[in-house]
Amino acid sequence: MQIPTADGRADAFAAFPDDGARHPGVLLYMDAFGVRPVIEELARELAGHGYYVLVPNVYYRRGASPVVELPEHISEENRPEIFGKLMPLLQEHTAERALSDAEAYVDFLCAQPEVAEGSIGTTGYCMGAALALRTAAARPDKVGAVAGFHPGMLVTDAPDSAHLSADKVAARVHLGLAEGDLAPEAVAALNESFETAGVEHSIELYPGSVHGFTMADTSAFDADALKRHWDRLLPLLDGTLRAG
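Residues numbered from 1 in each chain as written. Predicted model: local features only at pLDDT ≥ 70, side-chain atom pairs only at ≥ 80, totals over all residues. Heavy atoms only, no water.

A. Inspection of the overall build of the protein chain at higher detail. Tallying secondary structure elements over the protein chain gives six helices and eight strands in all. Reading the protein chain from its N terminus to its C terminus gives the helix and strand order β-β-β-α-β-α-α-β-α-β-β-α-β-α. Radius of gyration (C-alpha) of the protein chain: 16 Å, near the 18 Å computed for a compact globule of 244 residues. Considering only C-alpha atoms, the protein chain reaches an extent of 45 × 40 × 35 Å along its principal axes. With 244 residues in all, the protein chain has 54% of them scored as buried. Surface accessibility of the protein chain: about 10500 Å² in total, with carbon and sulfur atoms responsible for 51%. (Helix = DSSP H or I, 4+ residues; strand = E, 2+ residues; numbered from the N terminus. Rg over C-alpha atoms; globule rule 2.2 N^0.38 Å. Buried < 20%, exposed > 50% of the residue type's maximum accessible area, 1.4 Å probe, protein only. Areas by Shrake-Rupley, 256 points an atom, 1.4 Å probe, with all protein chains shown as cover.)

B. Quick look at the packing of helix α1 (residues 37–47) against helix α6 (residues 223–241). At a closest axis distance of 12 Å, the pairing of α1 and α6 adopts a crossing angle of 45°. The angle between α1 and α6 places the two elements in the oblique class. Taken as a pair, α1 and α6 cross one another with a handedness that is right-handed. Here α1 contributes Leu42, Glu45 and Leu46 to the contact with α6, which in turn contributes Leu226, His229, Trp230, Leu234 and Leu237. (Axes fitted to C-alpha atoms, helices over the stretch in contact; angles between N-to-C directions. Parallel < 35°, antiparallel > 145°, perpendicular 65-115°, else oblique. Left-handed = near helix turned anticlockwise from the far one by under 90°. Contact = heavy atoms within 4.5 Å.)

C. Region of interest: the pairing of strand β1 (residues 2–5). Side chains of β1 alternate between two faces, with Ile3 and Thr5 buried and Gln2 and Pro4 left unburied. In this structure, β1 lies alongside strand β2 (residues 8–15), joined through four bridges in antiparallel fashion. Paired with Pro4 across the bridge in β2 is Arg9. Adjacent in sequence and paired antiparallel, β1 and β2 are bridged by two residues. (Pairing = 2+ DSSP bridges.)

D. Structural view of empty space enclosed by the protein. This model, assessed by the stated rule, comprises three cavities of 30 Å³ or more. Around the largest cavity, the lining residues are Asp31, Ala32, Phe33, Arg79, Phe83, Cys126, His150, His211, Gly212, Met215 and Thr218. Split into classes, the residues belonging to the lining of the largest cavity amount to five nonpolar, four polar and two charged. (1 Å grid on protein atoms, 1.4 Å probe; cavity = no way out; pocket = protein on both sides within 12 Å on 5 of 7 lines; lining within 4 Å. Points joined across faces, edges and corners; volume = space filled by probe spheres on them. Nonpolar A, V, L, I, M, F, W, Y, C, P; charged D, E, K, R; others polar.)

E. Broad picture of the layout of surface pockets. In this model, the largest pocket occupies a volume close to 270 Å³. Secondary-structure elements contributing two or more residues to the lining of the largest pocket are α2 (79–92), α3 (95–111) and α4 (127–138). It is α4 that contributes the most residues to the lining of the largest pocket, four residues altogether. The residue makeup of the lining of the largest pocket, split by class, is nine nonpolar, five polar and two charged. Forming the boundary of the second largest pocket are 13 residues, of which Val35, Arg36, Pro37, Pro66 and Leu70 lie nearest the centre. Counted by class, the lining of the second largest pocket contains seven nonpolar, one polar and five charged residues.

Here it is as structure tokens:
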């Protein structure tokens, strides 16, 4: 699919039940490695639970997916070389761009004929967790649920850090952390932001996991942590997007 944005067109992947019915929409944000088969498979599995899932290529300004060629398996050995190629893309995806894109992504998702009226959800992995939260802040009128797993760039020293947008969020939030994802003071800052804003939220450490635990094409993959991710994500979406 092609999503019109202020800066061009973002290529995207969509998965949804082939039953002719309308289903709640979910915007799924990729991790730093980009849209690839493992991300598409996560979208398909979520769609199998009765959702229309849209996965935009966040790096679209640099070209269509795959923007950076990846090996079939991302190991500890080849990770530094891959991140060397990805770092310019990460650095140029500013908060301003993320918010502009979020408007376009939400409007496109909600306009699809297979998407039900009402609230949508956002979920993201690694840097996608911050993008999911920023999207909820940009569109509190539409986003009712936010989930983020092994988050990256969620709490920074920047004045536009994603966690500082909590006062604009009207959604329920769940964050699943790998061990070492966030320092204790960063978790405290997140909790303070959510509590001050009155945002219903949960922040959970997934025991024994490492950053990237949901991604089956990396050495960080943890099947138990992936299952826990589904055990948290599905009730969150069901309880918000289907309840009203």
